[in-house]
Amino acid sequence: MLLKVSNPPVKPLLIYDGDCHFCRAWIARWQWFTGERVDYQPSQDEDIARRFPEIPRESFDESVQLILLDGTVLSGAKAVFHALGIRWEFFGRLYDRNLGLGRASEWLYRKVAANRQLLSKVNRWFFGPHTELPRYDRVSWLFLKGLGMIYLIAFVSLWTQIIPLSGENGIAPVQHFMGSIESHAEQAGMKWGKYWQYPTLCWFDTSDIFLHWLCGAGTLLAVFVMVGFLPAPSLCLLWMIYLSLCTVCRPWLNFQWDTLLLETGLLACFYAPRGLRPTLTTERPPSPVARWLLWWLLFRLMLLSGITKIASGDPTWADWTALTYHYETQPLPLWTGWYAHQLPSWIQRLSVGGMFVVELLLPWAIFAPARFRRIRLGACTGLVLLQVVIGVTGNYGFFSILAVVLCLTLVDERAWSRVLPFQPIGHARIVGGG
């Protein structure tokens with residue numbers, strides 16, 4: 001018969017050996033999975049014996065003890081499966097309905113418990129001092145604020161120029177562009193294909209008033225994202241509006257940073273929290289899939305930047321002399337570029353080598369496992385420094401800022417906690433330390 005306590009907790013409580021490093025390490029990981037649904041408390045706390053006298057003291061030394069809301073006490077592998085099952089029910093059902101799995105799990109649990117000191121060393125070797133999975137709660141907040149700021153820069157800048165550039169009497173009128181598309185579509189017999197090939201809201205209207213409306217709506221939605229109001233719907237609309245303008249204003253919105261903003265903005269729609277006004281105390285951690293897609297975008301951006309230079313066949317990249325010409329020949333130079341151009345040639349060559357290291361080697365560290373998180377953080381530092389140098393010596397629009405915002409998604413919760421004052425969200429509560 002199952003053991004029951006007369007004073008059940010208000011939330012499922014998992015009691016573990018707080019003196020065991022191996023136990024503490026894996027409790028931290030289970031805590032990440034179960035969130036606020038389960039409390040955790042070390043058996044060494046003085047109030048444990050007083051609150052639950054029905055549980056023999058030696059039981060705490062043998063295995064973890066899970067106390068459910070009805071007072072039922074589970075131990076060993078069964079306690080672990082059912083603790084995880086509080087968030088994902090199939091874990092508990094998997095143990096209860098599969099007798100072979102239950103027996104194998106209990107046997108394995110006993111073997112692990114008997115060799116905790118050895119496994120603790122192995123655990124440290126594989127995972128380092130922290131077994132819990134890295135969290136990225138704060139970075140989602142910073143990423144969305146930064147992306148909203150970039151959208152704001154893009155729309156405000158375009159709003160001040162769009163009428164003389166693409167208005168009814170502009171250099172490249174949207175009306176003419178859409179008219180040529182209509183003529184081509186009729187000649188080719190495309191009824192619906194034109195909407196797929198030229199995705200833009202300007203199919204509804206091409207007037208100057210409508211262009212003003214698109215830029216104004218984009219500006220307002222960017223502010224919404226920055227203040228955290230309807231972030232997911234706002235990002236979806238921002239992406240749709242910016243794609244519409246990039247489609248019809250190609251002479252002005254066909255640069256690398258425009259394409260990068262469109263791809264980042266699309267992924268951000270899946271990365272952003274849902275709800276009217278989610279906050280750091282209510283929003284869920286960002287989707288791991290969306291986060292990895294952002295990392296994959298950053299990886300491709302940086303690695304292909306280096307590969308493109310090598311594949312171009314330009315001898316100045318091969319002999320490391322490209323930067324002796326770059327600062328004075330780049331298409332959008334800044335006054336700071338003049339000073340960078342005066343640097344000795346050996347510094348210019350060394351800078352080319354450093355650039356190749358950052359663009360060809362450091363991107364691979366993005367996929368470093370959790371144990372080597374410091375390598376990932378070091379790579380992030382290198383990538384950010386490169387973008388800072390690019391940004392202060394050349395005017396590439398919001399490209400460098402957007403690349404830095406993407407790089408910041410590599411920084412996990414423990415690193416941000418050293419520089420940001422507010423507490424992480426969504427952590428389960430561990431009563432009495434541990």
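The preceding data block contains the structure.
Just so it is clear, the structure is predicted and the values come from calculations on it, not from any experiment. (Residues numbered from 1 in each chain as written. Predicted model: local features only at pLDDT ≥ 70, side-chain atom pairs only at ≥ 80, totals over all residues. Heavy atoms only, no water.)

Q: Explain the overall build of the protein to me, using residue names and the numbers behind them.
A: Broken down by element type, the protein carries 22 helices and five strands. In terms of principal-axis extent, the alpha carbons of the protein reach across some 85 × 55 × 40 Å. A total of 434 residues make up the protein; the buried ones form 48% of that total. Of the accessible surface of the protein, which amounts to about 22,600 Å², a share of 65% is contributed by carbon and sulfur atoms. (Helix = DSSP H or I, 4+ residues; strand = E, 2+ residues; numbered from the N terminus. Buried < 20%, exposed > 50% of the residue type's maximum accessible area, 1.4 Å probe, protein only. Areas by Shrake-Rupley, 256 points an atom, 1.4 Å probe, with all protein chains shown as cover.)

Q: Give a description of unusual backbone geometry that names residues and reports values.
A: In terms of backbone geometry, most residues other than glycine have negative phi values and most peptide bonds are trans. Although it is not a glycine, leucine 230 sits at a positive phi angle of roughly 50 degrees. Assignment of secondary structure puts leucine 230 in the loop between helix H12 (208-227) and helix H13 (231-248). The backbone of tryptophan 320 shows a phi angle near 65 degrees, a positive value even though the residue is not glycine. As for its placement among the helices and strands, tryptophan 320 is situated in the loop between helix H16 (315-318) and helix H17 (323-329). Taking relative accessible area as the criterion, tryptophan 320 reaches 40% and is therefore assigned partly exposed.

Q: Give me the sheet that holds strand E4 (residues 65-67): which residues, what numbers.
A: The strand order across the open sheet formed by five strands is E1-E5-E4-E2-E3, and the pairing between neighbours is mixed. The open sheet has two edge strands, strand E1 (3-4) and strand E3 (39-42), and neither has a second partner. Here four bridges tie strand E2 (residues 13-16) to E3, and the two strands are oriented parallel to one another. What sits directly across from isoleucine 15, in E3, is glutamine 41. (Pairing = 2+ DSSP bridges.)

Q: Provide a residue-level description of helix H15 (residues 288-311), including the pertinent values.
A: Here H15 is 24 residues long and its end C-alpha atoms lie 33 Å apart, about the 34 Å a rise of 1.5 Å per residue gives. A positive backbone phi angle near 80 degrees is found at glycine 313, which sits one or two residues after H15. (Expected span 1.5 Å × (residues − 1).)

Q: Quick rundown of H12? Include the residues and the values.
A: In this model H12 runs 29 Å from its N-terminal to its C-terminal C-alpha over 20 residues, within 8% of the 28 Å that 1.5 Å per residue would give. For H12, the set of buried residues is Asp208, Phe210, Leu211, Leu214, Cys215, Gly216, Ala217, Gly218, Thr219, Leu221, Ala222 and Val225.

Q: Explain the pairing of E3 to me, and be specific about the residues and the numbers.
A: In E3, alternate side chains face the same way, and those of Asp39 and Gln41 on one face and Tyr40 and Pro42 on the other are all buried. Handedness of the β-α-β unit built from E2, helix H1 (residues 21-34) and E3 comes out right-handed. (Right-handed = clockwise from strand over helix to strand, strands pointing away.)

Q: Kindly report on a nonpolar patch on the surface, identifying the contributing residues and their values.
A: Taken together, the side chains of Leu334, Trp335, Trp338 and Tyr339 present a nonpolar region at the surface, about 530 Å² in accessible area. In this structure, tryptophan 338 sits in helix H18 (residues 335-341). Accessibility expressed as a relative area gives 53% for tryptophan 338, which makes it exposed. (Patch = residues over 30% accessible without salt bridge, like charges linked within 9 Å, V, L, I, M, F, W, Y side chains within 5 Å. Salt bridge = Lys/Arg side-chain N within 4 Å of Asp/Glu carboxyl O.)

Q: A description of the packing of aromatic side chains should follow, citing residues and the corresponding values.
A: Given two aromatic rings, their pairing is described by the distance between the two centres and the angle made by the two planes. Following the criterion strictly, the structure yields 19 aromatic pairs and no others. When the ring of tyrosine 195 is compared with that of tryptophan 203, the centres are 4.9 Å apart and the planes differ by 70 degrees; the resulting orientation is edge-to-face. Residue class for tyrosine 195 comes out partly exposed when judged on its relative accessible area of 36%. Judged by centre distance (5.5 Å) and plane angle (20 degrees), the ring pair of tryptophan 296 and phenylalanine 299 falls under stacked. With tryptophan 296 and phenylalanine 299 both in helix H15 and three residues apart, this pair spans about one turn of that helix. (Phe/Tyr/Trp six-rings, centres within 6.5 Å; stacked < 30°, edge-to-face > 60°.)

Q: Could you give an account of the packing of H12 against H13, naming the residues involved and the relevant values?
A: Contact geometry of H12 with H13 gives a least axis separation of 9 Å together with a crossing angle of 150 degrees. Comparing the axis directions of H12 and H13 gives the class roughly antiparallel. The element H12 and its partner H13 pack so that their crossing is left-handed. Together, Leu211, Leu214, Cys215, Ala217, Gly218, Leu221, Ala222, Phe224 and Val225 of H12 and Pro231, Ser234, Leu235, Leu237, Leu238, Ile241 and Leu245 of H13 make up the contact between the two elements. (Axes fitted to C-alpha atoms, helices over the stretch in contact; angles between N-to-C directions. Parallel < 35°, antiparallel > 145°, perpendicular 65-115°, else oblique. Left-handed = near helix turned anticlockwise from the far one by under 90°. Contact = heavy atoms within 4.5 Å.)

Q: I'd like a description of the pattern of salt bridges, backed by residues and values.
A: Here the structure, examined in full by the defined rule, presents four salt bridges. As a salt-bridge pair, arginine 300 and glutamate 263 come within 2.3 Å of each other at their nearest N and O atoms. One end of the pair, arginine 300, is in helix H15; the other, glutamate 263, is in helix H14 (residues 256-271), and 37 residues separate them in sequence. Exposure remark for arginine 300: the relative accessible area of 26% places this residue in the partly exposed category.

Q: Describe the pairing of strand E5 (residues 72-75), listing the residues and the values that go with them.
A: Summarising the sheet, E1 and E5 pair through two bridges and their orientation is antiparallel. Bridge pairing links leucine 3 to valine 73 in E5. Where E4 meets E5, three bridges bridge the pair, whose relative direction is antiparallel. Note that in E5 the partner of leucine 66 across the bridge is leucine 74. Hairpin connection between E4 and E5: a loop of four residues separates the two successive antiparallel strands, and glycine 71 in this loop has a positive phi of roughly 90 degrees.

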